[in-house]
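Now for the letters of each chain:
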Amino acid sequence: AAMAKAGKDMTVIARGNHLKAIQEKGLKIETTLNKNYTVFPMKAFDMEHYDEHPDVIFVCVKGYSLKDTIPFIKKVSHKDTVVIPILNIYGTGARMQKLLPDILVTDGCIYIAAEIKEPGVILQRGTIFKIVYGVRKKEEYRPVLDDVAKDLKDSGITGILSDNIKRDALQKFSYVSPMAACGSYYDVHADAMQHDGEIRDTFVKLIKEIDALSHAMGIHFAVDIVKNNLGILDNLSSTASTSMQRDLKKGGNSEMDGLIFEVVRMGKKYDVPVPAYEKVAKKFGFDK
């Protein structure tokens, strides 16, 4: 919506009632700061009826829907198409690259608190809106990646072309994974983690376990990861939660495996103790 509002040639791929609402009424953005707007008309199609060949594809689905995008990306991409996944699950780009060997798949992540309020309406909580992306190997760099950063900036989005996307994607994971784990374990929103006490202490313990894993993986953050992530948390709307929590509430699929269970598996792989994650994983039925 932000890029289309800025005049960029952007098409959204959606489905069901959400798609129908966007096509009929446009895509409406509501914010907790009352900076609301609607993009109409908005170019929107489902995967079956989209017939263009884009230069850049942002992959924004949940981890459990990722495999459904692969045939579509193969169908619509051209030889120079660049794919930028901005999922919550660490390592998504590398996994997608194996399935899409003929085009460039970067890695990436997004910092935002937003959700579908109702068909055709997105609710953004707080002000953070940042996309970080980049190639895993320097020789894969293409000038179009700088063009993407400019387009994002023109659209009011902080776009960062990372020189170390493995580090930066893990840094994002070190925030969203603990928040999802802590929020789901205690069944709370951001406000419960924004105040001193057991819940905030658990959030910090989860972050520290990711930090320990990062050292074992040979990845070193450029910031104090605990201080950085607490800063992000404390700037959120008090009612903010992760998409995984909302999916659990609905009783459907969730990213539990990639956001929580995978950390327990990583702990075993790298011989790093992750007791806080094991405690959360056990509550949700993880079987080691």
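The rules behind the values
Residues numbered from 1 in each chain as written. Predicted model: local features only at pLDDT ≥ 70, side-chain atom pairs only at ≥ 80, totals over all residues. Heavy atoms only, no water. 1 Å grid on protein atoms, 1.4 Å probe; cavity = no way out; pocket = protein on both sides within 12 Å on 5 of 7 lines; lining within 4 Å. Points joined across faces, edges and corners; volume = space filled by probe spheres on them. Nonpolar A, V, L, I, M, F, W, Y, C, P; charged D, E, K, R; others polar. Helix = DSSP H or I, 4+ residues; strand = E, 2+ residues; numbered from the N terminus. Core = buried A, V, L, I, M, F, W, Y, C linked by side-chain atoms within 4.5 Å. Buried < 20%, exposed > 50% of the residue type's maximum accessible area, 1.4 Å probe, protein only. Contact = heavy atoms within 4.5 Å. Lys, Arg positive; Asp, Glu negative; His and termini not counted. Salt bridge = Lys/Arg side-chain N within 4 Å of Asp/Glu carboxyl O. Pairing = 2+ DSSP bridges. Axes fitted to C-alpha atoms, helices over the stretch in contact; angles between N-to-C directions.

J.: Just checking my understanding: could you explain empty space enclosed by the protein for this structure?
T.: One water molecule sets the probe size; rolling that probe over the atoms shows where empty space is left. This model, assessed by the stated rule, comprises one cavity of 30 Å³ or more. Estimates place the volume of the largest cavity at around 70 Å³. Lining the largest cavity, in full, are Leu-87, Asn-88, Ile-89, Tyr-90, Gly-91, Thr-92, Asp-107, Gly-108, Cys-109, Ala-169, Lys-172 and Phe-173. For the lining of the largest cavity, the per-class residue count stands at six nonpolar, four polar and two charged.

J.: Help me out: how do you make sense of the layout of surface pockets in this one?
T.: Reported here for the second largest pocket is a volume of approximately 430 Å³. Lining the second largest pocket are 18 residues, and of these Ile-89, Tyr-90, Arg-95, Gly-258 and Glu-262 sit closest to its centre. Those elements giving two or more residues to the lining of the second largest pocket turn out to be helix 4 (92–99) and helix 11 (256–270). Per element, the largest residue contribution to the lining of the second largest pocket is seven residues, and it comes from helix 11.

J.: I would appreciate a short explanation of the nonpolar core in the present structure.
T.: Side chains of a nonpolar character, in soluble globular proteins, are inclined to be buried together. Membership of the largest hydrophobic core comes to 51 residues, with the highest contact counts inside it found for Phe-203, Leu-233, Ile-260 and Tyr-277. Contributions of two or more residues to this core are made by strand 8 (107–118), helix 6 (165–186), helix 7 (190–193), helix 8 (198–216), helix 9 (225–234), helix 11 and helix 12 (275–283). Aside from chain neighbours lying at most four places away, what touches Tyr-277 is Ser-177, Pro-178, Ala-181, Leu-206, Glu-209, Ile-210, Leu-259, Ile-260, Val-263 and Val-264. Residues Ile-110, Ile-131, Ala-149 and Leu-152 belong to the second largest nonpolar core, which totals 15 residues.

J.: Looking at this structure, how should I read the side chain of Glu-255?
T.: Residue placement: Glu-255 occurs in the loop between helix 10 (243–250) and helix 11. For the buried residue Glu-255, which engages in no salt bridge, the nearest side chain bearing the opposite charge is Lys-62, 6.0 Å off.

J.: Is there a simple way to think about the sheet that holds strand 5 (residues 56–59) in this case?
T.: Working definition: the strands of a sheet are paired by backbone hydrogen bonds and lie parallel or antiparallel to each other. One open sheet holds the three strands; their spatial order is 5-6-7, and the pairing between them is parallel. Edge positions in the sheet fall to strand 5 and strand 7 (104–105), since each has one partner strand and no second. The pairing of strand 6 (residues 82–85) with strand 7 spans two bridges and is parallel. Within strand 7, the residue paired with Val-82 across the bridge is Leu-104. Contacts from helix 3 (residues 66–76) reach strand 5 and strand 6, with the element oriented near 175° to strand 5.

J.: How should I be thinking about unusual backbone geometry in this particular structure?
T.: Put simply, Phe-40 and Pro-41 share a cis peptide bond, and its omega is -5°. Of note, Asp-187 is a non-glycine position whose phi angle comes to about 55°, a positive value. As for its placement among the helices and strands, Asp-187 is situated in the loop between helix 6 and helix 7. What makes Asp-187 partly exposed here is its relative accessible area of 48%. With a phi close to 55°, Asp-271 is a non-glycine residue in the positive phi region. Checked against the element boundaries, Asp-271 lands in the loop between helix 11 and helix 12.

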